[in-house]
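Each chain, written out:
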Amino acid sequence: MKVLALDVGGTAIKSALILDGQIIKASECSSDGKLGGPYVIGNIMNTIDSYEDYEAIGISTAGQVDSNRGYIIYANDNIPNYTGTQLRDLIRKKYQKPVYVENDVNAAAIGEGCYGAGRGENDFLCLTYGTGIGGAIIINKKLYKGSRGVAGEMGHMITHINGLQCTCGKQGCYEQYASTAALVKKSLVYNEKLTDGLHIFHELENGNTKVKDIVDCWIAEIIWGLINIIHIFNPPCIVLGGGIMRQSYLIQSINCKIKDKIMDNFKNVRIVAAKLGNNAGVFGMSAMAEQAALRI
Ligand SMILES: [Zn+2]
């Protein structure tokens, strides 16, 4: 089945035409997220217009998504006026094809499960580290979504009582300490040139011990959150995504330091880096569209 898959974020729209797990054609453009939902919709339609010859459209998007009804339950200020958008109906009406809409972290988890680091696992958890921390729960090869479709907000586990203020309105959330943004914030206090993960890990590899201390404190924060999750789910596998997880020092340190902090019966957990990178979302939407077609 040939699926046109889109991955809509606050800054970019990635798209790909996928057949049997192979990308035939791909492109990327700005989403103009800051300009608001209507601009993003316009860019989604421009993207779709640049493709032809597909049987279904799958859209993974930032924000909380009701995938049964295909609308955006909530989106933060990265895309103002996106909340409430009836994305599936808008696109289906215009293009007259089956359309599937899913939250971006959920889509990436399905992609990793079908084609990437979670392949072969019936159950696994997926966490992505970036501006915040997203989470997805796969049970028996399916997403567990909870009663309102928004389960897996692992970034908002509270790991510090009376801690830092979070965008969700609470204090002390995991993502305020363990996201890539949290690492960058700490690093910038030390050196204003350390504006992203690549610069930070470059310094670390060059033997900067102060940066290594900052990174190791941040890894400790990542680990405390993972310990909680491991003790709740007893998962066989956790896939860690987000650009920063390509740093091999990170995955090695997490695996090395976490084992003596978890209970014996939980130590079998495999903690691995995501494999599909930026393409996880589009692969996930292609798999979801195919699975939906099989059910009809
Ligand atoms: Zn929060």
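These figures come from a predicted structure and were not determined experimentally. (Residues numbered from 1 in each chain as written. Predicted model: local features only at pLDDT ≥ 70, side-chain atom pairs only at ≥ 80, totals over all residues. Heavy atoms only, no water.)

A. Representation of the confidence of the model for the chain in the model. In this model, the chain carries an average pLDDT of 95, and 100% of its residues clear a pLDDT of 70 or more. Mean pLDDT per element in the chain: helix 9 (residues 280-295) is the minimum at 90, and helix 7 (residues 209-233) is the maximum at 98. (pLDDT = per-residue confidence, 0-100. Helix = DSSP H or I, 4+ residues; strand = E, 2+ residues; numbered from the N terminus.)

B. Expanded view of the pairing of strand 1 (residues 2-8). Counting buried residues along strand 1, seven of its seven residues qualify, which places the element largely inside the surrounding structure. Every second residue of strand 1 is oriented toward a common face, with K2, L4, L6 and V8 on one face and V3, A5 and D7 on the other, all of them buried. Strand direction decides the pairing type here: strand 1 and strand 2 (residues 12-19), joined by seven bridges, are antiparallel. Of the residues in strand 2, the one forming a bridge with D7 is K14. Linking two consecutive strands that pair antiparallel, namely strand 1 and strand 2, is a turn of three residues. (Buried < 20%, exposed > 50% of the residue type's maximum accessible area, 1.4 Å probe, protein only. Pairing = 2+ DSSP bridges.)

C. Expanded view of the sheet that holds strand 2. Reading across the sheet, the five strands line up as 3-2-1-4-7 and stay open at both edges, with mixed pairing between neighbours. Lying at the two open borders of the sheet, with one neighbouring strand each, are strand 3 (22-30) and strand 7 (99-103). Sheet twist, expressed as the mean angle between neighbouring strand axes with direction ignored, is 15 degrees. Pairing analysis gives eight bridges linking strand 2 to strand 3, with the strands arranged antiparallel. Along strand 3, the bridge assignment pairs S15 with S27. Taken strand by strand, helix 9 contacts strand 1, strand 2, strand 3, strand 4 (56-61) and strand 7, and its axis lies near 135 degrees from that of strand 1. (Axes fitted to C-alpha atoms, helices over the stretch in contact; angles between N-to-C directions. Contact = heavy atoms within 4.5 Å.)

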